[in-house]
Amino acid sequence: MKVACVGGGPAGLYLSILLKRQDPSHDITVHERGPEGSTYGWGVTYWRGLLDKLAAYDPESARAVEEHSVRWNHGIAHVRDSVTRHPGDEGFGIGRHRLLEILAGRARSLGVRLEFEHEIQEITDGDLPSADLIVAADGVHSALRGGRPGHFGEEIRAGRNRYIWLGTTRVFDAFTFAFVETDHGWIWCYGYPFSPERSTCVVECAPETWRGLGLHTANEADGLALLEKLFADVLDGHPLIGRSTAQGGAPWLNFRTLTNRTWHRDNLVLLGDAAHTTHYSIGAGTTLALEDAIALAGALREHTVLPQALAHYERERKQALLSLQSAARYSARWYENLPRYIHLPPEQMFALLGQRHSPLLPYVPPQLYYRMDKAAGQLEALRRFKRWLGPKVARTVHQRALTSRK
């Protein structure tokens, strides 16, 4: 089979690796619009479950990924002068540049062609060779998906809060949250290590706080200086790092949740962020992209007829995404409603931060939910009742909201 993959991110590269391992005779080319090694981004997070999957499908690249990752097994929350530490599952961080370097090297070793600085705008413009399968792995702004307006049924919903993706030389020893109160409201950051020298630091706040602090008009240098001052304690004297000047500076954004009614048309299929996005606060973007690649490769192996393979892939991944998409929506809502939780005692606030994926939490007074959750940890019957009640409450509220709009 001849495969043209547009987009040289984790999803496209890993798919090319899996397809070559399944059948070395596949003719696979990955087209990436940027120069090799020019990716923007700091570190990505993942958990042990993903590493186990990678080891099952391609042990060589999995070993390299684990070797170049850092890990943690607890979280820390800073709220005003209080610090709360909680144990958690083992998490991993790896630099995005390093991850792409590993996957690109592995793909090349298997015979995949990588063409950098080759931007594909349209399937019919002559830039893309004819192929049996065309994979749109070119991100949330996918030119290939956009070139078929209306077909995929894309829907984009912008979140309310503003955020900025930064790096820092402060190497955190845990997944770190820091919440700072200002005269214009709360601002907070998430920090996690991705190498022995660097960490990612994502800063978020409500739009009123963003404007009140003057971040909407500040240039990047002034904005970073203000954020360094606000988070001086957690940064421990280390600087924040934005994009290089050549990359246009680090922008403040509203997160956009993308969904598509269908993921394929003819021989074109969507992969990774071109098909779906989930809010960054659940740290699942890279994991979901790689799992898409695993599922698509598996569908192509099991079904010799392309339309059947693509339909199987879409059904499998849409079903797998349901719970994570729900968790991401509630996680984003938790931060958008931070004042509801921030004045709780620190141990309660951090406990509910860990429960932010719950569909029940937004509809139960926070302290009552905390007591219920604590009791549920000891009583299996209450734990089952809580799992049963949450989705029902969420569906009822959602249906009422839809009815009120009519």
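Whatever comes next refers back to the structure up there.
Only a predicted model underlies this, so the values are computations on that prediction, with no experimental measurement involved.

1. Some details on the nonpolar core
Counting 64 residues, the largest nonpolar core has Y14, L15, L133, V135, L271, L296 and Y313 as the members making the most contacts within it. Here this core takes ten residues from helix α9 (residues 285-302), the largest share from any one element. For L296, the contacting residues outside a window of four places in its chain are L15, V269, L271, L310 and Y313. In terms of nonpolar packing, the next biggest core, distinct from the first, is built from 31 residues, F179, A351, Y370 and M372 among them.

2. Concerning helix α3 (residues 59-67)
For α3, the full list of buried residues reads S61, A62, A64 and V65. Down the axis of α3, the smallest arc covering the buried residues is 165°, so these residues share one side. Exposed residues on α3 whose side chains face more than 90 degrees from its buried face are R63 and E67. Looking at the buried positions of α3, the neighbouring elements they touch are α1 (10-22), β3 (43-47), α2 (48-57), β5 (82-95) and α4 (96-109).

3. Comments concerning the sheet that holds strand β13 (residues 240-241)
One open sheet holds the eight strands; their spatial order is β3-β5-β4-β10-β11-β12-β9-β13, and the pairing between them is mixed. Single-partner strands in this sheet number two, and they are β3 and β13. Pairing geometry for strand β9 (residues 162-168) and strand β12 (residues 199-205), over seven bridges, is antiparallel. Bridge pairing links I164 to V203 in β12. Sheet strands in contact with α2 are β3, β4 (70-79) and β5, and its direction is about 85° off that of β3.

4. Observations concerning the environment of A293
Mapped onto the secondary structure, A293 falls in helix α9. Along the chain, A293 and L271 lie 22 residues apart, while their C-alpha atoms are 7.2 Å from each other. Not counting residues up to four positions away in its chain, the partners in contact with A293 are A11, Y14, L15, L18 and L271.

5. Some details on the packing of aromatic side chains
Under the criterion given, the structure shown has 19 aromatic pairs. With a centroid separation of 6.0 Å and an interplanar angle of 70°, the aromatic rings of F177 and F350 are classed as edge-to-face. In this pair, F177 sits in strand β10 (residues 175-182) while F350 sits in helix α11 (residues 346-354), placing the two residues 173 residues apart along the sequence. With respect to burial, F177 and F350 carry one shared label: buried. Between F255 and Y280, the aromatic rings sit 5.7 Å apart at their centres with planes inclined by 75°, giving edge-to-face as the arrangement. In this pair, F255 sits in the loop between β13 and β14 (256-259) while Y280 sits in the loop between β16 (268-270) and α9, placing the two residues 25 residues apart along the sequence. When sorted by exposure, F255 lands in the same class as Y280, which is buried. Here the basic side chain of R162 rests over the ring of W210, its NZ or CZ set 4.0 Å away from the ring centre.

About the criteria used
- Residues numbered from 1 in each chain as written.
- Predicted model: local features only at pLDDT ≥ 70, side-chain atom pairs only at ≥ 80, totals over all residues.
- Heavy atoms only, no water.
- Core = buried A, V, L, I, M, F, W, Y, C linked by side-chain atoms within 4.5 Å.
- Buried < 20%, exposed > 50% of the residue type's maximum accessible area, 1.4 Å probe, protein only.
- Helix = DSSP H or I, 4+ residues; strand = E, 2+ residues; numbered from the N terminus.
- Contact = heavy atoms within 4.5 Å.
- Arc of directions from axis to C-beta.
- Pairing = 2+ DSSP bridges.
- Axes fitted to C-alpha atoms, helices over the stretch in contact; angles between N-to-C directions.
- Phe/Tyr/Trp six-rings, centres within 6.5 Å; stacked < 30°, edge-to-face > 60°.
- Lys NZ or Arg CZ within 6 Å of the ring centre and 35° of its normal.

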